[in-house]
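Residues per chain are reported as follows:
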Amino acid sequence: MVDGLTHRYDFVYLFDVESGNPNGDPDAGNLPRIDPETNHGLVTDVALKRKIRNYVELKHEGAEGYRIYIREKAVLTEVRSEAYAGLEKKDSDQNKINAAREWMCKNFFDVRTFGAVMSATNNNAGQVRGPVQLTFARSIEPILPLEVTITRMAVETPKEAAAQKGDNRTMGRKHIVPYGLYRGEGFVSAKLAQQTGFSSADLDLLWESLANMFDHDHSAARGKMAARGLIVFEHESDLGNAPSHKLFERVQVRPTLEGGGPARSFGDYELTIDDENMPSGVSINRLI
């Protein structure tokens, strides 16, 4: 297995949305997710990981070592069957599971990055605890989701056309956030990377994905989304040299509009990064 990282990393990720729905909530009619107590917008870690997976798949197109395990319409038991091909029948069940888990880490980028539970009865490949983890992203300020009525100048069936008496218009709804700036945080464990084979090349691909993934995820529902900041704290040791929450406190985002009006662009915020008197063994880099 490829050698893992030797440094721990923590990072702050900023992105925004304009006139779009960054992450719909299926339990609320696909409205943008919010914290009901504060009205701050939320984007789940799963949604962000999905975009990273999609970017890697677009870039590498299933190349060896960069396949994606959790992909649309995948039948996971069948995908794992490849990991069992060529294993010795006389091997113990545990040896087979270990070999299958190693094969999955080697061949699937998202398994060695985010981890996976692959311990179903058929083609058991165990569990992998991924070295890269993300928090829910939360908007800097409360958001005001809007429900916008839209019109389609067509109907689906002749029966609908007859009912409309030639006026083939149908009405629909779109849910948008006029503008929102979101902040998420992430962690890269060198110790876990050494177990899964997550390499420095994989880390570079992760940073690249976070910088570019929204450019390949445009849709009518999501509006305009863009990465606005990626601030990375690198530790000299694999266990780390400072608590992550103390480092995250060095990155502050504040609204700048006089009178407290609603923000409508990234320029309505001020990003400050305190890089003075950094803890020994920790360096800071702004990649976006």
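Every chain's residues receive numbers from 1 upward, in the order its sequence appears when written. It should be noted that, the model being predicted, local features are given only for residues of pLDDT at least 70 and side-chain atom pairs only at 80 or more, the latter also being counted only at that level, while totals for whole chains, interfaces and linings use all residues. Here the side-chain values reflect all heavy atoms present in the structure, with hydrogen atoms and water set aside.

### Some remarks on helix H3 (residues 93-107)
The first and last C-alpha atoms of H3 sit 21 Å apart over 15 residues, in line with the 21 Å expected at 1.5 Å per residue. Taken together, the buried positions of H3 are occupied by Lys96, Ile97, Ala100, Met104, Cys105 and Asn107. Residues are treated as being in contact if the distance between any of their heavy atoms lies within 4.5 Å. Secondary structure elements follow DSSP: runs of H or I no shorter than four residues count as helices, runs of E no shorter than two count as strands, and numbering proceeds from the N terminus. Contacts made by the buried residues of H3 are with helix H2 (76-84), helix H4 (109-114), strand S5 (115-118), strand S6 (126-129) and helix H6 (190-196). The span one expects for a helix is its residue count, reduced by one, times 1.5 Å. Exposure classes here rest on a 1.4 Å probe applied to the protein chains alone. A residue is buried below 20% of its type maximum, exposed above 50%, and partly exposed in between.

### Overview of the packing of aromatic side chains
Here is the rule: rings of Phe, Tyr and Trp (six-membered ring for Trp) pair when centre to centre is within 6.5 Å. Planes less than 30 degrees apart are stacked, more than 60 are edge-to-face, and the remainder are tilted. Tallied over the entire structure, the rule returns nine aromatic pairs. Between Phe15 and Phe214 the ring centres are 5.4 Å apart and the planes differ by 40 degrees, which places this aromatic pair in the tilted class. In this pair, Phe15 sits in strand S1 (residues 9-20) while Phe214 sits in the loop between helix H7 (200-212) and strand S11 (224-235), placing the two residues 199 residues apart along the sequence. Summarising the burial analysis for this pair, Phe15 and Phe214 share the class buried. With a centroid separation of 5.9 Å and 70 degrees between ring planes, the pair formed by Tyr69 and Phe108 is classed as edge-to-face. In this pair, Tyr69 sits in the loop between helix H1 (45-60) and H2 while Phe108 sits in the loop between H3 and H4, placing the two residues 39 residues apart along the sequence. Residue Tyr69 shares its accessibility class with Phe108, and that shared class is buried. In textbook terms, an aromatic cluster arises when at least three aromatic residues are bridged by ring pairs, as seen for Tyr13, Phe15, Tyr182 and Phe214. Charge-over-ring placement is defined geometrically: NZ (Lys) or CZ (Arg) within 6 Å of the ring centre, and within 35 degrees of the ring normal. Sitting over the face of the ring of Tyr66, Arg112 holds its NZ or CZ atom 5.4 Å from the ring centroid.

### A look at H7
Look at H7: 18 Å from first C-alpha to last across 13 residues, which is about the 18 Å you get at 1.5 Å a residue. Residues of H7 that are buried include every one of Asp202, Leu203, Leu205, Leu206, Trp207, Ser209 and Leu210, and no others.

### Structural notes on a nonpolar patch on the surface
Exposure above 30% relative accessible area and the absence of a salt bridge qualify a residue for a patch, where like charges join within 9 Å and nonpolar side chains (Val, Leu, Ile, Met, Phe, Trp, Tyr) within 5 Å. All accessibility values rest on the Shrake-Rupley procedure with a 1.4 Å probe; residue burial counts only the protein chains present in the view. One speaks of a salt bridge when a side-chain nitrogen belonging to Lys or Arg is within 4 Å of a carboxyl oxygen belonging to Asp or Glu. Residues Leu144, Leu146, Val148 and Ile150 make up a contiguous nonpolar surface patch of roughly 320 Å² in combined accessible area. As for its placement among the helices and strands, Leu144 is situated in the loop between strand S8 (137-142) and strand S9 (146-152).

### Focus: the packing of H2 against H3
What describes two packed helices is the angle between their axes and the distance between those same axes. What counts as an axis is a line fitted to C-alpha atoms, over the stretch in contact for a helix, and the angles between N-to-C directions run from 0 to 180 degrees. Relative to each other, H2 and H3 sit at 110 degrees, their axes nearing to 8 Å. Between H2 and H3, the crossing angle belongs to the class labelled roughly perpendicular. Contact residues: H2 offers Arg80, Glu82, Ala83 and Tyr84, while H3 offers Lys96, Ile97, Ala100, Trp103 and Met104. Under this grouping Gly is polar, as are all residues other than the nonpolar Ala, Val, Leu, Ile, Met, Phe, Trp, Tyr, Cys and Pro and the charged Asp, Glu, Lys and Arg. Looking at the contact of H2 with H3, its residues break down into six nonpolar, no polar and three charged. Convention used here: angles under 35 degrees read as roughly parallel, angles over 145 as roughly antiparallel, angles from 65 to 115 as roughly perpendicular, and any remaining angle as oblique.

### A word on the pairing of S8
Strands pair, by our definition, only if DSSP identifies at least two bridges between them. Looking at chain direction, strand S4 (residues 40-43) and S8 are connected through three bridges and run antiparallel. Paired with Leu42 across the two strands is Arg138, which belongs to S8. The pairing of S8 with strand S10 (residues 170-188) spans two bridges and is classified as antiparallel. Within S10, the position partnered with Ser139 by the bridge is Tyr182.

Limitation: the analysis is restricted to geometry and does not speak to function.
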